[in-house]
Every structure is written in C-alpha cells, then in structure tokens.
Amino acid sequence: MSQKDLQLPEAPLTGKALLQKVNELSQLSRRERAKKCGYYTKKDEDEIRVNLAEFYDAVLAAKGIELEPGKSKDGRGREPTYRVSVHKNGQIVIGSTYTEAMGLKKGDEFEIKLGYKHIHLIQVDEDDKNGSEAD
C-alpha cells in the first residue's frame, strides 16, 4: 500500500463536509476527488476501485437535489417530510435523517435565534466556540 493511499478516509464524506472537501480538491481529477472523499472500495491490497456514481449522488444530495425522491436509501423507515410537531413535553425533535443529510455529528452546536413564528438554528463553528469561551 502506498503512502498516498494511507490518507484515504475510511468512511465516505457526506453533507457540508463533502462539499467543502470537493472544493478544496478542485485541482484534482474527478476520480481522485471521489477517492479522497471516501468513495472507493479496495479489491485487494494494491487495487482500488473508485465509485463515481455514489460520489455524484452524494454531491447532489449534499446540495439538496434528490434524484429519486420517492425512494428511501435503505428501503426502510420513514422518509423525511421537513415537518415536525411540538411534543407533549414542549420539545421539538429533529430526526437523524436530517442531521445525517447535513453531515452533523455528536457534539455539533447551534445558536437558536427566535423570530416572529420561526426559529433559526445557526451552526456554531469551531472558531466561534473558541472565541466565545475566551470572553
């Protein structure tokens, strides 16, 4: 295995992380970008197969474009409806389908901004976290 292949991610990137990486790697070929974003399979120790179709689908999904909106990705569960209800305890739950689509992970933080009949969730990036802790 070459030194270059050691840098490949184990799991494919999705959501914002995928779009950011694609932009960072704009100088590379499409196949190399797909590989560096985790869209590949290893056939054996020296052979890597790039999954361009999965890569293109993931980029489109990250941009909010669904090619097959009526089909769930694994054939199970509910499809996202982009509607939620307030529960009896006063909470609103945003399901994992949405957080996965955005590429969010455990520990990501949001600032809540209230408006007239709407709520904005604004993701707090690492720079904002570090700056606010210093205050």
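Residues numbered from 1 in each chain as written. Predicted model: local features only at pLDDT ≥ 70, side-chain atom pairs only at ≥ 80, totals over all residues. Heavy atoms only, no water.

Caption draft 1: Geometry of the environment of N51. Mapped onto the fold, N51 is located in the loop between β2 (48-50) and α3 (52-62). Relative accessible area serves as the criterion here: at 7%, N51 is assigned to the buried category. In this structure, the C-alpha to C-alpha distance between N51 and T41, residues 10 residues apart in sequence, is 7.4 Å. Other than its neighbours up to four places away in sequence, N51 contacts Y39, Y40 and T41. (Helix = DSSP H or I, 4+ residues; strand = E, 2+ residues; numbered from the N terminus. Buried < 20%, exposed > 50% of the residue type's maximum accessible area, 1.4 Å probe, protein only. Contact = heavy atoms within 4.5 Å.)

Caption draft 2: Unusual backbone geometry, seen in detail. In this model, K117 sits at a positive phi of 60 degrees, which is unusual for a non-glycine residue. Looking at where K117 falls in the secondary structure, it is placed in the loop between β3 (109-115) and β4 (118-124). Given the relative accessible area of 74%, K117 is considered exposed.

Caption draft 3: The pattern of salt bridges, seen in detail. Inspection of every chain in the model, using the stated rule, returns three salt bridges. A salt bridge links K35 to E32, with the shortest nitrogen-to-oxygen separation between them at 3.2 Å. Linking K35 with E32, this pair stays in helix α2 (residues 30-36), spanning three residues, or about one helical turn. Residues E111 and K113 are paired through a salt bridge, measuring 3.1 Å at the closest nitrogen-oxygen approach. A relative accessible area of 37% places E111 in the partly exposed class. (Salt bridge = Lys/Arg side-chain N within 4 Å of Asp/Glu carboxyl O.)

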